[in-house]
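Residues per chain are reported as follows:
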Amino acid sequence: MSITPDNAQFIVLSFEGPDRYSQAGGLGTRVTELARALAQAGFTTHLIFIGDPNLPSIETSECGNLRLYRWCQWISHSYPTGAYEAEWDKLFDYANSVPWFVTDRIVRPAADQGQLTVVMAEEWHTTETLARLSDSLHFNGLRQQCVLLWNANNEFGFGHIDLPRLDFIATITTVSRFMKHRLWDWGLNPLVLPNGIPRRLLEKVPQQPVRRLRRGMAADFLLLKMGRFDPDKRWLQAIEAAGQLKHAGHRVRFIARGGLEPHGGDVLHRAAEMGLVVQDIYSDNSNLEGALDAILAASDHADVLNLRDFVPEPLQRVFYSAVDAVLANSGYEPFGLVGLEAMACGAVVVTGTTGEDYAVQLHNALSVETDDPAELASYLQLVHSQPDVIKQIKRHARQTAALFTWDSTIRDLVGKVEYLAAKQGIDLQSNADG
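Here's what I pulled together on the structure shown here. Per chain, the residues get numbers from 1 upward, laid out in the order the sequence is written. Local features in this predicted model are restricted to residues whose pLDDT is 70 or higher, and side-chain atom pairs enter the listing and the counts only when it is 80 or higher, whereas totals over whole chains, interfaces and linings include all residues. The basis for every side-chain value is the complete set of non-hydrogen atoms in the structure, without hydrogens or water.

### Topic: the packing of helix 3 (residues 87–112) against helix 4 (residues 127–139)
Turning to step 1, where the next piece is worked out: Packing of helix 3 against helix 4 brings their axes to within 8 Å, and their N-to-C directions diverge by 40°. Of the possible angle classes, the one that applies to helix 3 and helix 4 is oblique. Once helix 3 is placed against helix 4, the crossing between them reads as right-handed. Residues Tyr94, Ala95, Asn96, Val98, Pro99, Val102, Thr103 and Val107 of helix 3 form the contact with helix 4, whose own contacting residues are Glu128, Thr129, Arg132, Leu133, Ser136 and Leu137.
Turning to step 2, where the next piece is worked out: Classification used: nonpolar for Ala, Val, Leu, Ile, Met, Phe, Trp, Tyr, Cys and Pro, charged for Asp, Glu, Lys and Arg, polar for all others including Gly. Class assignment of the residues belonging to the contact of helix 3 with helix 4 gives a composition of eight nonpolar, four polar and two charged. Inter-axis angles, ranging from 0 to 180 degrees, are taken between N-to-C directions of lines fitted to C-alpha atoms, where helices are fitted over the stretch in contact. Helix and strand assignments come from DSSP, with helices taken as H or I runs of at least 4 residues and strands as E runs of at least 2, each series counted from the N terminus. The scheme is simple: roughly parallel for angles under 35 degrees, roughly antiparallel for over 145, roughly perpendicular for 65 to 115, oblique for anything else. Put simply, a crossing is left-handed when the front helix is turned counterclockwise from the back one by less than a right angle, and right-handed when it is turned clockwise. Two residues qualify as a contact provided that any one of their heavy atoms is within 4.5 Å of a heavy atom in the partner residue.

Here you go:
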């Protein structure tokens, strides 16, 4: 029997979530949009995450289908920087309190109504919680009412995981074929459940701010790179390629949004060595026009516009649509959400060649295979030298992004859960009749 909103509910366990406080990278985007898409598909969905201490501890949305639980707020009140501040205190509290809450307050009432509960835990921070939840469900006679999944977005933190124990109590999943093959080295054979993007990202980007940004920059090469300041993101390759283009006589404008990581200092220092003028930009990004004012004011004298504030989705989409290329040129990328989001706006995306299963060289993207800045610079020059090719890449990019919307991904997820439920011997018909 098929899994439907009438016979199944979902629980997502994650440190990151929809709050600004809870977003440190792609995980926050993933779980937020995953939970929202499940709820929009009609499933009752519970997202338990390390939330903003100043927001309600429990909140509902999506016509009541999505329920947010902001955990560890009593700790977070003393640590206002973000979800990972006082990380180990929060991890201990999460692992000790979430299992009994899920068992008694979420799984048991659903089981009494004959509903299956699908638990999806994300990243290494939730592994102990998931193991204790499995024990709690067994103790309370509820384990057969649940399918437990644990998802690896990357290999970070694997040294903290008891992998044989985790593989025994849950089904391991991951986000790309690249990551599936990486996890083979750890003795795991996960199912692939790709990331997705919300369908709204396929909507047309307003062109007035796009034209304003392009005209105001007046650049030969208008580039964008967003991501943590991490060596794996190949920031140095991107900066050095921009420097090479400037030395060749081109006017370059490089919009950069990194993080607080120490590698950012190396990146900005290298920019200065390459003769690139760096300007930090602070702006009220709640106002799109105000943000553009701040960026354009700096563009007269700076080559690298280093954005220091959060970039909201409307401004991101203007960037994606306006720039000549989005540099998602990571050397290690488990999936590449930024690249896919940019492709939805018709951007030319330069990816690496790791987890971006969706990227096809010179069809819907450009892909660098080395960390040589000259390779990247040569692809950027292609953007101007072959306009017909670039036009085709942009068109195919949008077509590709449409294949990876969350509603499509949810259908794949539900199909795999049906397989796992049958493998586990769960009779959904009996559950529904119960």
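### Quick notes on the pattern of salt bridges
Think of it this way: side chains of opposite charge can pair up when their charged atoms draw near.
Turning to step 1, where the next piece is worked out: By convention in these notes, a salt bridge is any Lys or Arg side-chain nitrogen within 4 Å of a carboxyl oxygen on Asp or Glu. In this structure the tally under the stated criterion is 23 salt bridges.
Turning to step 2, where the next piece is worked out: For the salt bridge of Asp303 with Arg253, the shortest nitrogen-to-oxygen distance reads 3.2 Å. With Asp303 in the loop between helix 10 (288–299) and strand 12 (304–307) and Arg253 in strand 10 (residues 252–257), the pair connects residues that are 50 residues apart, well separated along the chain. Here Asp303 and Arg253 have matching classes, each one buried.
Turning to step 3, where the next piece is worked out: Here Asp280 makes a salt bridge to Arg308, at a shortest N to O gap of 3.3 Å. Per-residue accessibility, obtained with a 1.4 Å probe over protein chains only, is compared with the maximum for each type, and a residue is labelled buried under 20%, exposed over 50%, and partly exposed between these values.

### With respect to the layout of surface pockets
Turning to step 1, where the next piece is worked out: Using a 1 Å grid laid over the protein atoms alone, points where a 1.4 Å probe fits but cannot get out form a cavity; open sets with protein on both sides within 12 Å along at least 5 of 7 lines form a pocket; any residue with an atom within 4 Å of a point counts as lining. Grid points are joined across faces, edges and corners, and a volume is the space filled by probe spheres set on the points. Quantified by volume, the second largest pocket comes out at close to 290 Å³.
Turning to step 2, where the next piece is worked out: Ala170, Thr171, Ile172, Leu420 and Lys423 are the residues nearest the centre of the second largest pocket, which is lined by 15 residues in total.
Turning to step 3, where the next piece is worked out: Mapped onto the lining of the second largest pocket, the elements with two or more residues apiece are strand 6 (146–152), helix 5 (163–169), strand 7 (171–174) and helix 15 (406–423).
Turning to step 4, where the next piece is worked out: Tallying contributions element by element places helix 15 first for the lining of the second largest pocket, with three residues.
Turning to step 5, where the next piece is worked out: Each residue belonging to the lining of the second largest pocket can be placed in one class, and the counts come to nine nonpolar, three polar and three charged.

### So, empty space enclosed by the protein
Turning to step 1, where the next piece is worked out: According to the stated counting rule, one finds two cavities of 30 Å³ or more in the structure shown.
Turning to step 2, where the next piece is worked out: In this structure, the second largest cavity occupies an estimated 40 Å³ of space.
Turning to step 3, where the next piece is worked out: As for the second largest cavity, its lining consists of Arg30, Leu34, Met120, Leu193, Pro194, Trp406, Thr409, Ile410 and Leu413.
Turning to step 4, where the next piece is worked out: Of all elements in the fold, only helix 1 (26–40) and helix 15 reach the threshold of two or more residues within the lining of the second largest cavity.
Turning to step 5, where the next piece is worked out: Looking at the lining of the second largest cavity, the element that brings in the most residues is helix 15, giving four residues.
Turning to step 6, where the next piece is worked out: Its residues assigned to classes, the lining of the second largest cavity comprises seven nonpolar, one polar and one charged.

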